[in-house]
Amino acid sequence: LSTRVLDSLGNYQYSYTPIQDSVNQEGNVQESGGVGTWVFSGAIEIDKNIFFGVTLDVIGGTYFYDRTFTEKNSKSKYNTPFYDIVWRKDKSKRDSLVLVYNSFHEFTFVNSTKDELNGIQLTLGFLYFNEMFRVGLTTKAPTTITVKESFREEGESIVTQGVVKQHYIDKYDESLEYGVSTPWILGVGVSAIPFVGLLISADIEYTDWAQMKWTDNKEYEKSNTDFKKLLRATTN
């Protein structure tokens, strides 16, 4: 556990924790959430045996992550005074040793994440058929997913200083928003019935994953060139 020691006392140097072993550690992780899709579809016969269809998927969901970590001085190893150097704010000079604790009791670290997802996907379809064969074409427009994320970290140390039990708490909260856009997906399918009782079919789907990109976040968008370097087109 690397941490900033006693920032409230003016120690602005990053330091290691003296709590290295012989503690009782326990962790708990909880995850939950889900993604749902509302599907709106329609089709029309634009000529004899020729059909055109549209499907709109409205995507929504949430994701929750919560992790709690604790360690306790269950073996009473850290019941002797511990001193640390306190640095001045400008870091140019250090003061004398300062008592950090007479005894250490417990440390707790919590981090949690909440994501809200929203997006849409549009699919266009074309179909022609007769008694002998049929041909289908599909085009999936880029799916745009927007994510609103909130993130929290909180640490608490419980120690005895002098004869008083002290609680040192530090918190960090952040929220951000970003989007992900998937590439176009093109598909073709054909089937034929040369005679009753036999159906022959085949289909092919093309996706250029290099067209994937971050959206709605200037910092993330700087990495869009990585998609072009690391990903490539696939054919299924």
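Everything below is about the structure shown above.
Residues numbered from 1 in each chain as written. Predicted model: local features only at pLDDT ≥ 70, side-chain atom pairs only at ≥ 80, totals over all residues. Heavy atoms only, no water.

### Details of the overall build of the chain
Secondary structure summary: the chain contains two helices and 14 strands in total. Out of the 236 residues in the chain, the part that is buried amounts to 24%. Summed over all atoms, the accessible surface of the chain reaches about 15,800 Å², with 56% contributed by carbon and sulfur. (Helix = DSSP H or I, 4+ residues; strand = E, 2+ residues; numbered from the N terminus. Buried < 20%, exposed > 50% of the residue type's maximum accessible area, 1.4 Å probe, protein only. Areas by Shrake-Rupley, 256 points an atom, 1.4 Å probe, with all protein chains shown as cover.)

### Side note on the pairing of strand 11 (residues 185-195)
Pairing geometry for strand 8 (residues 133-140) and strand 11, over eight bridges, is antiparallel. Note that in strand 11 the partner of R134 across the bridge is S191. Sheet analysis places strand 11 next to strand 12 (residues 198-208), joined by nine bridges and oriented antiparallel. Bridging from a neighbouring strand, V188 pairs with I204 of strand 12. The loop that links strand 11 with its antiparallel partner strand 12 comprises two residues; one of these, G197, has a positive phi angle of about 100°. (Pairing = 2+ DSSP bridges.)

### Let's talk about the packing of aromatic side chains
All told, the structure shown has seven aromatic pairs when counted by the stated rule. Ring geometry for Y78 against F104: centres 6.4 Å apart, planes inclined by 85°, an arrangement best described as edge-to-face. Of this pair, Y78 sits in the loop between strand 4 (50-72) and strand 5 (82-87) while F104 sits in strand 7 (residues 103-129), and the two are 26 residues apart along the sequence. Here Y78 and F104 have matching classes, each one buried. Between Y128 and F133, the aromatic rings sit 6.1 Å apart at their centres with planes inclined by 55°, giving tilted as the arrangement. Y128 sits in the partly exposed class, given a relative accessible area of 27%. The ring of F129 carries the charged tip of R134 above its face, separated from the ring centre by 5.3 Å. (Phe/Tyr/Trp six-rings, centres within 6.5 Å; stacked < 30°, edge-to-face > 60°. Lys NZ or Arg CZ within 6 Å of the ring centre and 35° of its normal.)

### Quick notes on the side chain of E71
For E71, the position within the fold is in strand 4. Although E71 is buried, it makes no salt bridge; R67 carries the closest opposite charge, 9.8 Å away. (Lys, Arg positive; Asp, Glu negative; His and termini not counted. Salt bridge = Lys/Arg side-chain N within 4 Å of Asp/Glu carboxyl O.)

### Concerning the nonpolar core
Counting residues in each nonpolar core, the largest one holds eight residues, listed as I19, F69, Y78, V100, Y101, F104, F107 and V159. Residues in contact with Y101, not counting those within four places in the same chain, are P18, I19, Y78, T80, P81, F82, V159, T160 and Q161. Core analysis: the next-biggest nonpolar cluster, separate from the first, contains five residues, I59, I145, Y178 and V180 among them. (Core = buried A, V, L, I, M, F, W, Y, C linked by side-chain atoms within 4.5 Å. Contact = heavy atoms within 4.5 Å.)

### Some remarks on the environment of G189
Along the chain, G189 falls in strand 11. Spatially, the C-alpha atom of G189 lies 8.7 Å from that of E205, the residues being 16 residues apart in sequence. Apart from the residues lying within four places of it in its own chain, the contact partners of G189 are R134, V135, G136, A202 and D203.

Keep in mind these numbers describe shape, not what the thing actually does.
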